[in-house]
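A closer look at the structure
Residues per chain are reported as follows:
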Amino acid sequence: MLPNYKKNSLVNLMSSVIRGCGGKSPYNPLPKLTVEIKSKKNLVLLVIDGMGTDHLAKLKKRNKNSFLANHFQQNFTSVFPSTTTSAITTFFTGKPPQEHGLAAWDMYLDEIKDIGTVLRNADINGKQIPRGKIEYPSSLLDTINREKHFIQHQKIIDTPFTNAYTSKAVKWRIRNFNGLLNKIPLAIKYHRKNNLNHVNHKKFIYAYWGDLDSYSHHFGKDGSKTQKHLRDLDRSLGKFFSNFKREDTLVLITADHGHINTSREHHIILNNYSEIVDCLKRSPAGEPRALFCYVNSNKKKDFEKYVKSKLNKYCTLYPSKQLIQKGYFGLGKTHPKLLSRLGDYILILKKNYVFKYVEKEEKVRIHLGNHGGLSKDEMIVPLIKFKPDDKH
């Protein structure tokens, strides 16, 4: 399943958010949502990392009064790769990966001549990237005329990546989910002194919760601990918003991507295929479900042959240029560094398979939940909408 960048993706959600908050976006908005956002003084956008739409049916089955399930509005697609780095950058910029260029958790970064993880601001060995080395993409959120607030865990709210987009915003640090919820009314009531640039103190409040994704990786999306955490989130949201009386506020809840369940048997260790590894000029990067391969120029034919003969059961090989041309990463102008970050080829995994490449002395980490690929469960995320005058 490909992202529907033209009219029904995360990019289109953010177009509605940006336009509804008085800004400008070249992308089509989701139908009717822009007008609804404009009509409210405050917009809260809560992102629950890893909450694919398939979770809602499980919630509804156990609890007919599920807050998340009962306030579901529609589905839309994530971006490709369906992963946190590419999607959160879309939330922060309003642009697809093709434009913002931050396409995966790990990528080759020409700025440091090595594989790096932008969200952690670290190279492949964990060494911090010097300040100013990474040029973060500009944001369409800069065009909105509302006061911006960001509610995030204290571990990530002051990273170089987050700071690049929150320097002019009010930041609220949290430690747990109830803390996140309790910060929402505080952000709504907050007024900056000498705030002359925002009309009537209208607010855009972004909040992010990442633990569901962590549970899904470690225990699988259907694991008992994962499902308990999801039910706890649902219960907390229902309790909190049952007493939320701000009729001037619209609350949108969504996710960056979904998950698929995998197993130890579905983890394919690329190091075991020496003829393929010998074709690479550096470690592969990207995502376990969408692997970026950087191939020596004189080994490309060999690489294609080996992958098609040895790995055909597990993946489909694509030249990176081809996927850019076909719009997998979005519409609009291509980021000048995108191709170098993607490498020469991308291996998109089939079924529930994942690739792992192990650096020297590194142990294989088995994740029972994964994402980054093009399956329905990874790509489809929900839009959940709450207004205090709802009759649910």
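A quick note: this is a predicted structure, and the numbers were derived from the prediction, not measured.

**So, the environment of Glu 111**
Within the element layout of this structure, Glu 111 appears in the loop between β3 (107-109) and β4 (114-117). Distance from Glu 111 to Tyr 5, taken between C-alpha atoms, is 29 Å for residues 106 residues apart in sequence. Aside from chain neighbours lying at most four places away, what touches Glu 111 is Lys 133, Ile 134, Lys 337 and Arg 341.

**A look at helix α9 (residues 211-219)**
Every buried residue of α9 is listed here: Leu 212, Asp 213, Ser 216 and His 217. Around the axis of α9, the buried residues are gathered within 135 degrees of arc, so they sit on the same side. Immediately downstream of α9, the backbone of Gly 220 shows phi near 85 degrees, a positive value.

**A few points about the pattern of salt bridges**
Applying the stated criterion across every chain, the model contains 18 salt bridges. A salt bridge links Asp 377 to Lys 221; its shortest N-O distance comes to 2.9 Å. Placement of Asp 377 in helix α15 (residues 376-379) and of Lys 221 in the loop between α9 and α10 (224-242) is noted, with a sequence separation of 156 residues between them. Asp 377 sits in the partly exposed class, given a relative accessible area of 29%. You can call Lys 221 buried: its relative accessible area is 4%. Measuring nitrogen to oxygen at the nearest pair gives 2.8 Å for the salt bridge that ties Glu 378 to Arg 289. Here the residue Glu 378 occupies a position in helix α15, and Arg 289 occupies one in the loop between β12 (285-287) and β13 (290-293), the gap between them amounting to 89 residues. Comparing Glu 378 with Arg 289, the two get one shared label, buried. Members of the salt-bridge network, linked through shared partners, are Asp 54, Lys 58, Lys 221, Asp 222 and Asp 377.

**Some remarks on the sheet that holds strand β8 (residues 203-209)**
The strand order across the open sheet built from seven strands is β2-β18-β9-β1-β8-β6-β7, with neighbouring strands paired in mixed fashion. Both outer strands of the open sheet, β2 (72-77) and β7 (170-174), are each paired with one neighbouring strand and no more. Ignoring strand direction, the axes of neighbouring strands in this sheet form an average angle of 20 degrees. Looking at chain direction, strand β6 (residues 147-153) and β7 are connected through five bridges and run parallel. Considered in β7, the bridge of Phe 150 is made with Lys 171. The strands touched by helix α5 (residues 84-93) within the sheet are β1 (42-48), β6, β8 and β9 (249-254), with β8 carrying the most contacts at an inclination of about 170 degrees. The sheet contacts of α10 involve β1, β8, β9 and β18 (380-386), and relative to β1 the element is tilted by about 165 degrees.

**A look at the environment of Asn 243**
Looking at the secondary structure, you find Asn 243 in the loop between α10 and β9. A relative accessible area of 58% places Asn 243 in the exposed class. As a C-alpha pair, Asn 243 and Pro 388 span 145 residues in sequence and 8.8 Å in three-dimensional space. A distance of 3.4 Å separates the side chain of Asn 243 from the backbone oxygen of Lys 239, its partner in a polar contact.

What counts as what
Residues numbered from 1 in each chain as written. Predicted model: local features only at pLDDT ≥ 70, side-chain atom pairs only at ≥ 80, totals over all residues. Heavy atoms only, no water. Helix = DSSP H or I, 4+ residues; strand = E, 2+ residues; numbered from the N terminus. Contact = heavy atoms within 4.5 Å. Buried < 20%, exposed > 50% of the residue type's maximum accessible area, 1.4 Å probe, protein only. Arc of directions from axis to C-beta. Salt bridge = Lys/Arg side-chain N within 4 Å of Asp/Glu carboxyl O. Pairing = 2+ DSSP bridges. Axes fitted to C-alpha atoms, helices over the stretch in contact; angles between N-to-C directions. Polar contact = N/O pair within 3.5 Å; in protein donor to acceptor, adjacent residues only side chain to side chain.

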